[in-house]
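So the chains spell out like this:
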Amino acid sequence: MKSDSVLKNLVKKNWWISLIVLLALLIIFIPLPQSQNDAADRHFQVEASMFQFIPGRIQVNQGDRITLELISTDVVHGLSIDGYDFELIADPGQSQTATFIANKTGVFRFRCSIACGNMHPFMIGKLQVGPNWVLVRGIILGVLAVFAAFLSFRQSSHIQKSTVS
Ligand SMILES: [Cu+2]
């Protein structure tokens, strides 16, 4: 009888364990968009002409290995990315290719690095580097585990106290 109520008490006091297990399962099994499952090799062709880049927006994930090919259709154009040490220069009708790792998250502008005409300063595109969800998931799970350990430590010291008194 007594052990039964102790057990009930334990279950009642440990509802948070079920909560944490549930949360952990959710975090592990919520599906990620296919493209965000892992760092990937990605290839982009960017066409430069006076005075635009096509595409003007590139979206990747943190850790991706990005290969950019800059193709110029008229005059000499460059492509440099703010915040990254990266530059391409393509001669008219030619292309140049280089690879870098998108290791910083955020939105970065890329711009033409060769003065190509009066609208040159407006020749700007956007590189968006999204978070690595596998990493984010790992960090959240880690925090949850620490939280659970903390709670269970507190709980066990509680139980010890209540059985002593
Ligand atoms: Cu330009």
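Here's a quick rundown of the structure. The model shown is predicted, which means the values in this text are computed figures rather than measured ones. Here the residue numbering is sequential within each chain, running from 1 through the sequence in written order. For a predicted model such as this one, the threshold for reporting local features is a pLDDT of at least 70, and the threshold for listing and counting side-chain atom pairs is 80 or more; totals across whole chains, interfaces and linings nevertheless cover every residue.

### Considerations on the overall build of the protein
Piece 1. The numbering of helices and of strands both runs from the N terminus, where a helix is a DSSP run of H or I of at least 4 residues and a strand a run of E of at least 2. Each helix and strand counted, the protein has 3 helices and 9 strands in total.
Piece 2. When the helices and strands of the protein are listed from N to C terminus, the series reads α-α-β-β-β-β-β-β-β-β-β-α.
Piece 3. Looking at the protein residue by residue over its 165 residues, the buried ones come to 15%.
Piece 4. Working definition of a contact: two residues with C-beta atoms, positioned from the backbone, lying within 7 Å. Counted over contacts in the protein with a minimum sequence separation of 6, partners at least 24 positions apart contribute 66%. Around each residue's C-beta, the other C-beta atoms within 10 Å are counted; 20 or more make the residue buried, 12 or fewer make it exposed, and counts in between make it partly exposed. All C-beta atoms are placed from the backbone.

### Quick word on the sheet that holds strand β7 (residues 95-101)
Piece 1. Taking strand neighbours across the sheet as the criterion, the 4 strands line up as β2-β1-β4-β7 in an open arrangement whose pairing is mixed. Every interior strand has two partners, whereas the edge strands, β2 (52-54) and β7, have only one. Within the sheet, the average angular offset between the axes of one strand and its neighbour, ignoring direction, is 25°.
Piece 2. Strand pairing is assigned whenever DSSP detects at least two bridges linking the two strands. Pairing between strand β4 (residues 65-72) and β7: 7 bridges, direction antiparallel. Note that in β7 the partner of I71 across the bridge is S95. For helices, the axis comes from a line fit to the C-alpha atoms of the stretch in contact; other axes are also lines fit to C-alpha atoms, and the angle between any two N-to-C directions lies between 0 and 180 degrees.

### Focus: the nonpolar core
Piece 1. Within the largest apolar cluster, 17 residues are counted, with the highest numbers of intra-cluster contacts made by V46, A48, L68, L70, L79, L88 and L127.
Piece 2. Breaking this core down by element, the ones donating at least two residues are β1 (41-49), β4, β5 (77-81), β6 (87-90) and β9 (124-130).
Piece 3. Residue contributions to this core peak at 3 residues, all from β4.
Piece 4. With residues near it in sequence (within four places) discarded, L79 still touches V46, A48, L68, L70, E87, L88, F110, C112 and S113. The term nonpolar core refers to a group of buried residues, namely Ala, Val, Leu, Ile, Met, Phe, Trp, Tyr and Cys, whose C-beta atoms join them within 7 Å.

### Some words on helix α2 (residues 15-29)
Piece 1. One fewer than the residue count of a helix, multiplied by 1.5 Å, yields its expected span. Helix length check: α2 (15 residues) gives 21 Å between terminal C-alpha atoms against 21 Å at 1.5 Å per residue, within 8%.
Piece 2. The element α2 is barely covered by neighbouring structure, given that only 0 of its 15 residues are classed as buried.

### Remarks on the sheet that holds β5
Pairing between sheet strands relies on hydrogen bonds along the backbone, with the strands arranged either parallel or antiparallel.
Piece 1. Reading across from one edge, β3-β9-β8-β5-β6 is the order of the 5 strands in this open sheet, with mixed pairing throughout. Each edge of the open sheet is held by one strand with a lone partner, namely β3 (57-61) and β6. Taken over all neighbouring pairs, the strand axes of this sheet differ in orientation by 20° on average, direction set aside.
Piece 2. Bridge analysis of strand β8 (residues 106-111) against β9 gives 6 bridges, and the strand direction is antiparallel.

### Section: the pairing of β4
Piece 1. Alternating residues of β4 divide into I66, L68, L70 and S72, all buried, and R65, T67, E69 and I71, none buried.
Piece 2. Bridging between β1 and β4 involves 8 bridges; their strand directions are parallel. Pairing of H43 across the sheet is with T67, part of β4.

### Digging into the environment of T73
Piece 1. Locating T73 in the fold gives a position in the loop between β4 and β5.
Piece 2. As for T73 and P92, which are separated by 19 residues in sequence, their C-alpha atoms are 5.8 Å apart.

### Some thoughts on unusual backbone geometry
Piece 1. With an omega of 0°, the peptide bond running from M50 to F51 counts as cis.
Piece 2. Considering the arrangement of structural elements, one finds F51 in the loop between β1 and β2.
Piece 3. For the peptide bond that leads from I54 to P55, omega is 0°, which places it in the cis range.
Piece 4. Position of P55 among the secondary structure elements: in the loop between β2 and β3.

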